Amino acid sequence: MATVHLRIGDLVWGKLGRYPPWPGKIVSPPKDLKKPRGKKCHFVKFFGTEDHAWIKVEQLKPYHAHKDEMIKINKGKRFQQAVDAVEEFLKKAKGKEQNSDSKGESKGKKPNKPLKILDEDDEDLSALKDPSEKVVKDDPHFHHFLLSQSEKASTVEPISKRLKIIEEDTGSTSIQAADSTAINGSITPTDKRIGFLGLGLMGSGVVSNLLKMGHVVTVWNRTAEKCDLFIQEGARLGRTPAEVASMCDITFSCVSDPKAARDLVLGPSGVLQGIRPGKCYVEMSTVDPETITELSQVITSRGGRFLEAPVAGSQQLSNDGMLVIVAAGDRTVYEDCSSCFQAMGKTSFFLGEAGNAARMMLILNMVQGSFMATIAEGLTLAQATGQSQQTFLDILSQGQMASTFVDQKCQNILQGNFKPDYYLKHIQKDLRLAISMGDSANHPTPMAAAANEVYKRAKALDQSDNDISAVYRAYIH
């Protein structure tokens, strides 16, 4: 295969660590930043972010030649915005060149040379360059440049939106950061030491984004091998939940169900043994309000501070840093977690006293689970009555119920792809807990109860570890 020679000014796809290939531009490195020894690499400035890094040549591909390939394998919103930024950059560069040609011709001068990719000092790169950028040395082979939020006060932001806090009439607070994600380097990480327990579908993406945004993170997982990848990316390893809680200022947990959440805190070498006055514990698992109340009481009894912060989303949204965080409990912990929530999510809400977030999340997941079951029912009814399932989806996608969720889940069903983005067993658990919550409030939940039975049938068909869309199989067996 022919060798592709790259040089300063070339647009490229660069792959850094475990993150997907990202569009960038080869630029001259700062004078005080030396190239890693023994490495053939180029210094790349990434689009849609303030990140820069030395990237090995084997991890670089020309932008135009591989654009279609990369767009097919990467579907995240942040990725698409980065691609749009490249195209906008090229459009501006072309317009600038054409304007120069017109001026030259009107004065009887020779037209300018053919379009070249602008150097890093050109004004059209203002969205990608700032003189106040700093070097953050977090790896012996790669150096990242991250621009803090405070330093960006006067910088143009064509893609990243500013964070803002909105106090709603209900008294809840929403930290909105619609484009603050794992690919947005505009977050100033807290100087507090962060612990994270549970590296499942959701937790893995959260930890990746915390690390990418410069947080100091110590991880623990019941299956220790899952920690290895994060250790390679700069995380520290905790031997037990108690050790993590004692080492860190704020410890997050994200596990599967109420029993796992209780065991993590109250079990042998559990979190409670590491809690000291002032230590913070943030429960991100989707559990029932009673479990939250119990955990809050035991943590605060040791002088700790407690916050619940379950998340709405999926594995893909977790990876993209686009989760919605629903928090309740100690307001000061919520504020201390600001940079963490900005790294992992697009929006966070504070709902008051502990237990409220659990109630809200169960309601949200009850609606999502019931809706998914109804969509599956519609697809199978279309097939049973001789209608095209694809046409059903096409019509649905043009109506009021059109959404990325509907489109992705239905397309996956039609392709027979049930790779988990959110486990079916977990949505069934959430439906069960929501129904129980309804019983406690003497409120009927007949739709959720019906959906729960369909998911229970899907579980009986060995679909527990598949995606929630596998509820479709409950209707065809």
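Higher on the page you've got the structure.
These numbers come from a predicted model, not from an experiment.

S.K.: Quick question: what am I supposed to make of the overall build of the chain here?
M.R.: For the chain, the count of helices and strands is 15 helices and 18 strands. Looking at the chain as a whole, 49% of its 477 residues are labelled buried. Within the chain, counting contacts between residues at least 6 apart in sequence, those at least 24 apart form 64% of the total. Summing over all exposed atoms, the chain offers an accessible surface of approximately 23200 Å²; the carbon and sulfur share of this is 52%.

S.K.: Help me out: how do you make sense of the pairing of strand S4 (residues 52-56) in this one?
M.R.: Here S4 lies mainly inside the structure; four of its five residues are buried. With antiparallel pairing between neighbouring strands as the criterion, strand S3 (residues 41-46) and S4 make up a hairpin whose turn holds five residues, including Gly 48 at a positive phi of roughly 70°.

S.K.: What should I look at first to understand the packing of helix H6 (residues 258-266) against helix H7 (residues 289-301) in this one?
M.R.: Orientation of H6 relative to H7, taken along the N-to-C sense of each, is 5°, at an axis distance of 10 Å. As summarised for this structure, H6 and H7 are arranged roughly parallel, according to the angle between their axes. For the pair H6 and H7, contact is made by Pro 258, Ala 261, Arg 262, Val 265 and Leu 266 and by Glu 290, Thr 291, Glu 294, Leu 295, Val 298 and Ile 299, respectively. Residue composition of the contact of H6 with H7, grouped by class: seven nonpolar, one polar and three charged.

S.K.: Help me understand the side chain of Lys 429, please; the structure alone is not making it clear to me.
M.R.: Structurally, Lys 429 can be placed in helix H14 (residues 424-440). Among the polar contacts made by the side chain of Lys 429, one reaches the side chain of Asp 430 at a distance of 2.8 Å. Once you skip the residues sitting within four places of it in the chain, Lys 429 turns out to touch Ser 256, Asp 257, Pro 258 and Thr 286.

S.K.: Even after reading the chapter, I still don't get helix H3 (residues 201-212), so can you show me in this structure?
M.R.: One turn of the α-helix equals 3.6 residues, which is why residues spaced by three or four share an orientation. Its twelve residues place the ends of H3 18 Å apart at the C-alpha level, agreeing with the 16 Å of an ideal helix rising 1.5 Å per residue. Across the twelve residues that make up H3, a large majority, twelve, are buried. Among the residues of H3, Leu 201, Met 202, Gly 203, Ser 204, Gly 205, Val 206, Val 207, Ser 208, Asn 209, Leu 210, Leu 211 and Lys 212 are the ones counted as buried. Positioned one or two residues after H3, Gly 214 has a phi angle of 90°, which is positive.

S.K.: Explanation requested: helix H12 (residues 389-397) in the structure shown.
M.R.: Within the span of H12, buried status applies to Gln 389, Leu 393 and Leu 396. Taken down its axis, H12 places every buried residue within 65° of arc, on the same side. Next to the buried residues of H12 lie helix H11 (356-384) and helix H13 (404-415). The N-terminus of H12 is capped by Ser 388, whose side-chain oxygen sits 3.3 Å from the backbone nitrogen of Gln 390.

S.K.: Just checking my understanding: could you explain the sheet that holds S4 for this structure?
M.R.: Hydrogen bonds between backbone groups are what pair the strands of a sheet, and the pairing can be parallel or antiparallel. A sheet is described by the order of its strands in space; here five strands give the open sequence S4-S3-S2-S1-S5, paired in antiparallel fashion. Both edges of this open sheet fall to S4 and strand S5 (60-62), since each of them pairs with a single strand only. Geometrically, the sheet is characterised by an average inter-axis angle of 45° between neighbouring strands, direction not taken into account. As defined by bridge partners, strand S2 (residues 22-26) adjoins S3 across three bridges and the pair is classed as antiparallel. Directly across from Ile 26, in S3, lies its bridge partner Val 44. Sheet strands touched by helix H1 (residues 63-73): strand S1 (11-14), S2 and S5. Its angle to S5, the strand with the most contacts, is close to 105°.

S.K.: What is the right way to read the layout of surface pockets from this model?
M.R.: Gaps left between atoms show up when a probe the size of a water molecule is rolled over them. The computed volume of the second largest pocket comes to approximately 960 Å³. Together, 34 residues line the second largest pocket, and Gly 200, Cys 254, Val 255, Ser 256 and His 426 are the ones closest to its centre. Every element with two or more residues in the lining of the second largest pocket is listed here: H3, H6 and H14. The residue makeup of the lining of the second largest pocket, split by class, is 14 nonpolar, 13 polar and seven charged.

S.K.: Explanation requested: the pattern of salt bridges in the structure shown.
M.R.: It is possible for side chains bearing opposite charge to pair when their charged atoms get close. For the coordinates displayed, the defined rule picks out twelve salt bridges. The salt bridge partner of Asp 249 is Arg 193, with a shortest N-O separation of 3.2 Å. Highlighted residues: Asp 249 in the loop between helix H5 (241-247) and strand S13 (250-253) and Arg 193 in the loop between strand S9 (173-176) and strand S10 (194-197), separated in sequence by 56 residues. A residue is classified by how much of its surface remains accessible, and Asp 249, at 24% relative accessible area, is partly exposed.

S.K.: What is the right way to read the packing of aromatic side chains from this model?
M.R.: Tallied over the entire structure, the rule returns eleven aromatic pairs. Considering the side-chain rings of Phe 252 and Phe 341, the 6.4 Å spacing of their centres and the 75° angle between planes classify their relative orientation as edge-to-face. Pair noted here: Phe 252 is in strand S13 and Phe 341 is in helix H10 (residues 338-344), with a separation of 89 residues, a long-range link. For the pair Phe 252 and Phe 341, a shared accessibility class is recorded, and that class is buried. Through pairs of rings, three or more aromatic residues link up here, namely Phe 196, Phe 252, Tyr 334, Phe 341 and Phe 350. The ring of Phe 350 carries the charged tip of Arg 331 above its face, separated from the ring centre by 5.0 Å. Sitting over the ring of Tyr 423, Lys 425 keeps its end group 5.1 Å from the ring centre.

S.K.: How should the packing of H11 against H12 be read in this particular structure?
M.R.: Packed helices, taken two at a time, are described by the angle their axes make and the gap between the axes. Between H11 and H12, the shortest axis-to-axis distance is 8 Å and the interhelical angle comes to 135°. The pairing of H11 with H12 is recorded here as oblique in orientation. In the crossing of H11 with H12, the sense of the turn from one axis to the other is right-handed. Counted together, Ile 375, Gly 378, Leu 379, Thr 380, Ala 382 and Gln 383 of H11 and Gln 389, Phe 392 and Leu 396 of H12 form the full contact between these two elements. Looking at the contact of H11 with H12, its residues break down into five nonpolar, four polar and no charged.

S.K.: Hey, could you run me through unusual backbone geometry in this one?
M.R.: It is generally the case that most residues other than glycine have a negative phi and that most peptide bonds are trans. One non-glycine residue, Asn 442, adopts positive backbone phi at about 55°. Among the structural elements, Asn 442 can be located in the loop between H14 and helix H15 (446-460). One non-glycine residue with positive phi stands out, namely Asp 462, at about 65°. Mapped onto the elements, Asp 462 comes out in the segment after H15. In this structure Asp 462 comes out as exposed when scored by relative accessible area, which is 70%.

Parameters at a glance
- Residues numbered from 1 in each chain as written.
- Predicted model: local features only at pLDDT ≥ 70, side-chain atom pairs only at ≥ 80, totals over all residues.
- Heavy atoms only, no water.
- Helix = DSSP H or I, 4+ residues; strand = E, 2+ residues; numbered from the N terminus.
- Buried < 20%, exposed > 50% of the residue type's maximum accessible area, 1.4 Å probe, protein only.
- Contact = heavy atoms within 4.5 Å.
- Areas by Shrake-Rupley, 256 points an atom, 1.4 Å probe, with all protein chains shown as cover.
- Pairing = 2+ DSSP bridges.
- Axes fitted to C-alpha atoms, helices over the stretch in contact; angles between N-to-C directions.
- Parallel < 35°, antiparallel > 145°, perpendicular 65-115°, else oblique.
- Nonpolar A, V, L, I, M, F, W, Y, C, P; charged D, E, K, R; others polar.
- Polar contact = N/O pair within 3.5 Å; in protein donor to acceptor, adjacent residues only side chain to side chain.
- Expected span 1.5 Å × (residues − 1).
- Arc of directions from axis to C-beta.
- 1 Å grid on protein atoms, 1.4 Å probe; cavity = no way out; pocket = protein on both sides within 12 Å on 5 of 7 lines; lining within 4 Å.
- Points joined across faces, edges and corners; volume = space filled by probe spheres on them.
- Salt bridge = Lys/Arg side-chain N within 4 Å of Asp/Glu carboxyl O.
- Phe/Tyr/Trp six-rings, centres within 6.5 Å; stacked < 30°, edge-to-face > 60°.
- Lys NZ or Arg CZ within 6 Å of the ring centre and 35° of its normal.
- Left-handed = near helix turned anticlockwise from the far one by under 90°.

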